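Observations on the model geometry
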Amino acid sequence: MKVHKHFDIRNHNTFRVSSYVRYFLGAEREEEVPSAMEMAENLGYPMMVLGSGSNMLICSDLNRVVINPNLQGIQEHHHGADVIVEAGAGVNWHQLVRYTVERGYGGLENLALIPGTVGAAPVQNIGAYGVELKDVFVDLLGFHRQHGRMVMDAGACRFAYRDSVFKGEFKDAFVICSVRFRLQKQSKLNLSYDALQREIQKRGLKPANPAELADWVAAIRSSKLPDPEVIGNAGSFFKNPMLSTTQYNALKDEFPEIPGYPTASERVKTSAAWLIEQCGWKGARKGDAGVYEKHSLVLVNHGRASGAELWALATEIRQSVFEHFRIMIEPEVNVLSDV
Ligand SMILES: Cc1cc2nc3c(=O)[nH]c(=O)nc-3n(C[C@H](O)[C@H](O)[C@H](O)COP(=O)(O)OP(=O)(O)OC[C@H]3O[C@@H](n4cnc5c(N)ncnc54)[C@H](O)[C@@H]3O)c2cc1C
């Protein structure tokens, strides 16, 4: 296990904000994970798990022991038309997607180019282009601070929209070591999402296989979202709000253009990006903290913004959306502060 004391995690978060943590423990093998958890316990600081920090805004130094589960490796097991693919928590998510589509396995192609690690993917049930992780999830293996080694199926993970048990009851108490997915050798592509339909019309053809669809998704994403390697960001900063039908209809009377997408839960999902844009924030900048000029849901670090400055901007945006629409938008990213 790699142990670093008083460690700056600036290069371990995609906003590229500086934050010193008490200890940074890099676990590269499964058996190192419980040892790292025990060490955190003995050191007397709260433990926290960090993948590649692409869904985090860190607003201060942290009085915590950070565990970075960097377990590598991808394995596959064939069961008739299905293939079960198992990947270590530290595997880069897009690298896993590439591995599967290059072999013709279908299921992960709509989730191409999402930054981050395999181990973090179940935490917020990552989703994009009409597919969520839960659609292909089999189970995961990890360690709980009190209960030890556990295998958890989808029911135990309690997946919901950008949510799971790892954001609630198991938060900072469970380290995911590996995840298994059920993929198809002969898959039907999911092309239902609006942006994919528009792309089909634009190109006058459909993608022929999972690899081609993954390339389409990657190209659409690159045209809209900033590359964290170029400009610090954590993707969509806020969740799309879920409204009751009554609340949505009342807003629709007042703002006829407000987008609304019915969901299985009978609530109406509206677009946080639209709400923010209506309040005039697209492309706005306060010092080095800003709103991306092509996508109002994305906060960016133009250079030297601190986590606290980015959070101050997020707070202003939330307040103004609330004043205009009576909707309090919630962050999708994990906002951390020990001050
Ligand atoms: C440009 C951009 C685009 C994005 N687009 C999307 C998108 O389309 N859809 C989407 O869903 N997300 C998107 N995201 C968010 C992000 O990519 C995902 O949330 C990703 O899964 C985070 O991975 P990570 O390794 O960086 O996790 P981190 O940010 O390091 O951690 C996120 C959370 O997971 C926990 N965690 C991390 N690893 C583990 C583990 N092994 N065990 C237990 N807990 C763990 C952390 O404690 C934290 O609570 C985007 C981000 C960026 C920067």
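Residues numbered from 1 in each chain as written. Predicted model: local features only at pLDDT ≥ 70, side-chain atom pairs only at ≥ 80, totals over all residues. Heavy atoms only, no water.

**What about helix α8 (residues 307–325)?**
For α8, spanning 19 residues, the distance from its first C-alpha to its last is 27 Å, which sits close to the expected 27 Å at 1.5 Å a residue. Those residues of α8 lying buried are G307, L310, L313, A314, I317, R318, S320, V321 and F325. Next to the buried residues of α8 lie β4 (56–58), α6 (245–254), α7 (272–278), β17 (285–286), β18 (289–291) and β19 (298–301). Just past α8, the residue R326 takes up positive phi, approximately 60°. (Helix = DSSP H or I, 4+ residues; strand = E, 2+ residues; numbered from the N terminus. Expected span 1.5 Å × (residues − 1). Buried < 20%, exposed > 50% of the residue type's maximum accessible area, 1.4 Å probe, protein only. Contact = heavy atoms within 4.5 Å.)

**Things to note about the domain arrangement of the protein**
Its domain assignment divides the protein into domain 1 (2–69), domain 2 (74–184) and domain 3 (232–336). Placing the centre of domain 1 and that of domain 3 at their C-alpha centroids yields a distance of 29 Å. Across the contact, 15 residues belong to domain 1 and 19 residues belong to domain 3. Of the roughly 1300 Å² buried at the junction of domain 1 and domain 3 (both faces included), carbon and sulfur atoms supply 59%. When the buried surface of domain 1 facing domain 3 is broken down by residue, F15, N55 and L57 rank first, second and third, together holding 52% of it. The interface formed by domain 1 and domain 3 holds 0 salt bridges in total. In this structure, the connection of domain 1 to domain 3 is made through 6 residue pairs in polar contact (both at pLDDT 80 or more). Those elements that provide at least two residues to the side of domain 1 that touches domain 3 are β4 and β5 (62–69). No other element matches β4, which puts 3 residues into the side of domain 1 that touches domain 3. Looking at the side of domain 1 that touches domain 3, its residues break down into 8 nonpolar, 4 polar and 3 charged. (Domains from an automatic or database assignment. Buried area = accessible area lost by both parts, 1.4 Å probe. Salt bridge = Lys/Arg side-chain N within 4 Å of Asp/Glu carboxyl O. Polar contact = N/O pair within 3.5 Å; in protein donor to acceptor, adjacent residues only side chain to side chain. Nonpolar A, V, L, I, M, F, W, Y, C, P; charged D, E, K, R; others polar.)

**Here we look at the site of the ligand**
Contacts to the ligand come from 35 residues, most closely from V49, G51, S54, P115 and T117. Residue S54 places a side-chain N or O atom 2.6 Å away from an oxygen atom belonging to the ligand. Taking G127, its main chain carries an N or O atom lying 2.8 Å from a nitrogen atom of the ligand. Bound to the protein, the ligand loses 95% of the 990 Å² it would expose on its own. (Near = heavy atom within 4 Å. Areas by Shrake-Rupley, 256 points an atom, 1.4 Å probe, with all protein chains shown as cover.)

**Side note on the state of the cysteines**
Applying the stated criterion to the full structure yields 0 disulfides. Lacking any disulfide linkage, C157 is separated from the closest cysteine sulfur, that of C177, by 13 Å. (Disulfide = S-S within 2.5 Å.)

**Comments concerning the sheet that holds strand β15 (residues 261–262)**
Hydrogen bonds along the backbone pair up the strands of a sheet, which may run parallel or antiparallel. The 3 strands lie next to each other as β14-β16-β15, forming an open sheet whose pairing is antiparallel. At either margin of the open sheet sits one strand with a lone partner, and together these are β14 (242–243) and β15. (Pairing = 2+ DSSP bridges.)

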